[in-house]
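Take a look at the letters that make up each chain.
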Amino acid sequence: MRICVLTGAGISAESGIRTFRATDGLWEDHRIEDVATPEGFRRDPVLVHRFYNMRRADAARAQPNAAHRALARLARRHQVTLITQNVDDLHERGGSTDVIHMHGSLLGALCATCGHRFPATLVMRSLDRCPACGKQSTRPDVVWFGEIPYHMERIWAAVEDAEMFAAIGTSGQVYPAAGLAQHASRAGAATIELNLARSAVSRDFAQHRIGPTTSVVPEWVDELCG
């Protein structure tokens, strides 16, 4: 079976990584505009690097959980395209080998001047120079508000080709990811949401499994793998 899976912050939350919540305009006690926008980076690159250095350290300490490992097992039995909104590498450490990071990765660095991409160090600084152009304009290779997510052509193609579309641990509040279920349904795929609570786009799914992802995802994978 061709299965397209989208994962969000909820799958990593059970590994101890705090989820993003936009209701109060704060993220890890910082204003979103200060740490998750290109404008915030231009205003205060020291703050932004400090923020993402902490996130990188938190992600390095976290361990993949049963949901991450279950999805790796699913890919061994079915044709799975795994798309994640998460910038950690828990899917890879959980055994998944081809993960589409639509919002980038904490493991990557990007030059804001020339666009060169290279591996991030555990601690990045505003004074770091780009290895390609030498400018002191390196930033985390993550997608901020106002920027276009990565790999969208590949993502849309996978969604349109899927026989089943599953969203796991997603809030349904961030587009274009929140629109993928509706697109999959229109293309004829079965749709299922696996989440701690119903998402903002819960109506776009034909099936729902509500509960901790470390419980509902392994159970769902067991059913699909027989």
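My aim in this report is to walk through the structure given alongside it, one point at a time. On a predicted model such as this, the values are computed, not experimentally measured, just so you know.

1. Notes on the overall build of the chain
Link 1 in the chain: Within the chain, the secondary structure is distributed over nine helices and eleven strands.
Link 2 in the chain: Taking 226 residues into account, the globule formula puts the C-alpha radius of gyration at 17 Å, and the chain, at 18 Å, falls close to it.
Link 3 in the chain: Counting only C-alpha atoms and orienting by the principal axes, one finds that the chain spans roughly 55 × 35 × 30 Å.
Link 4 in the chain: Within the chain, the proportion of its 226 residues that are buried is 50%.
Link 5 in the chain: Excluding contacts between residues fewer than 6 apart, the proportion of contacts in the chain whose partners are at least 24 apart in sequence is 63%.
Link 6 in the chain: On the chain, roughly 10,800 Å² of surface is accessible, and the fraction owed to carbon and sulfur atoms is 51%.
Link 7 in the chain: Counting 25 positive and 25 negative side-chain charges, the chain places the averaged centre of each group 3 Å from the other.

2. What about unusual backbone geometry?
Link 1 in the chain: Here the amide bond leading from Y175 into P176 is cis, since omega sits at 10°, within 30 degrees of zero.
Link 2 in the chain: Within the secondary structure, P176 is located in the loop between β9 (164–168) and α8 (180–186).
Link 3 in the chain: Located in the positive-phi region is H151, a residue other than glycine, with phi close to 60°.
Link 4 in the chain: Along the chain, H151 turns up in the loop between β8 (138–142) and α7 (152–161).

3. Notes on helix α4 (residues 45–61)
Link 1 in the chain: A rise of 1.5 Å per residue sets the reference length of α4, with its 17 residues, at 24 Å; its end C-alpha atoms lie 24 Å apart and thus fit the reference within 8%.
Link 2 in the chain: By the burial criterion, the buried members of α4 are L47, V48, H49, F51, Y52, N53, R55, R56 and A59.

4. Topic: the sheet that holds strand β1 (residues 2–7)
Strand-to-strand pairing in sheets goes through backbone hydrogen bonds, with the strands running parallel or antiparallel.
Link 1 in the chain: Here we have six strands laid out as an open sheet, ordered β5-β4-β1-β9-β10-β11, and parallel in their pairing. Edge positions in the open sheet fall to β5 (99–101) and β11 (207–210), since each of these has one partner strand only. Averaged over all pairs of adjacent strands, the angle between strand axes in this sheet comes to 20°, irrespective of strand direction.
Link 2 in the chain: Note: strand β10 (residues 190–195) against β11, four bridges, orientation parallel. When the bridges of β11 are listed, I192 appears paired with Q207.

5. Concerning the pattern of salt bridges
Link 1 in the chain: Under the counting rule described, the total for this entry stands at 13 salt bridges.
Link 2 in the chain: Across the pair R2 and D161 runs a salt bridge, and its minimum N-O distance is 3.2 Å. Taken together, the residues R2 in strand β1 and D161 in helix α7 connect sequence positions 159 residues apart.
Link 3 in the chain: The class of R2 is partly exposed, set by a relative accessible area of 32%.
Link 4 in the chain: Of the residues examined, D161 reaches a relative accessible area of 40% and is grouped as partly exposed.

6. A short note on the sheet that holds strand β6 (residues 104–111)
Link 1 in the chain: Ordered by their spatial adjacency, three strands build an open sheet running β7-β6-β8, and the pairing between neighbours is antiparallel. In the strand order of this sheet, the two ends are held by β7 (117–119) and β8, each with one partner. Taking the axes of each pair of neighbouring strands and ignoring which way they run, one obtains an average angle of 45° across the sheet.
Link 2 in the chain: α4 rests against β6 and β8 of the sheet, and its axis sits at about 45° to β8.

7. A word on the environment of L74
Link 1 in the chain: Looking at the element boundaries, L74 is found in helix α5 (residues 66–77).
Link 2 in the chain: Once the C-alpha coordinates of L74 and V221 are considered, the two residues, 147 residues apart in sequence, prove to be 6.0 Å apart.
Link 3 in the chain: Setting aside residues up to four positions removed in sequence, L74 forms contacts with I3, V80, W220, V221, L224 and C225.

8. Concerning the environment of A197
Link 1 in the chain: When you line up the elements, A197 lands in the loop between β10 and β11.
Link 2 in the chain: Assessed through its relative accessible area of 45%, A197 is described here as partly exposed.
Link 3 in the chain: Distance in space between the C-alpha atoms of A197 and T170 is 9.4 Å, their sequence separation being 27 residues.

Scoring rules and cut-offs
Residues numbered from 1 in each chain as written. Predicted model: local features only at pLDDT ≥ 70, side-chain atom pairs only at ≥ 80, totals over all residues. Heavy atoms only, no water. Helix = DSSP H or I, 4+ residues; strand = E, 2+ residues; numbered from the N terminus. Rg over C-alpha atoms; globule rule 2.2 N^0.38 Å. Buried < 20%, exposed > 50% of the residue type's maximum accessible area, 1.4 Å probe, protein only. Contact = heavy atoms within 4.5 Å. Areas by Shrake-Rupley, 256 points an atom, 1.4 Å probe, with all protein chains shown as cover. Lys, Arg positive; Asp, Glu negative; His and termini not counted. Charge placed at Lys NZ, Arg CZ, Asp CG, Glu CD. Expected span 1.5 Å × (residues − 1). Pairing = 2+ DSSP bridges. Axes fitted to C-alpha atoms, helices over the stretch in contact; angles between N-to-C directions. Salt bridge = Lys/Arg side-chain N within 4 Å of Asp/Glu carboxyl O.

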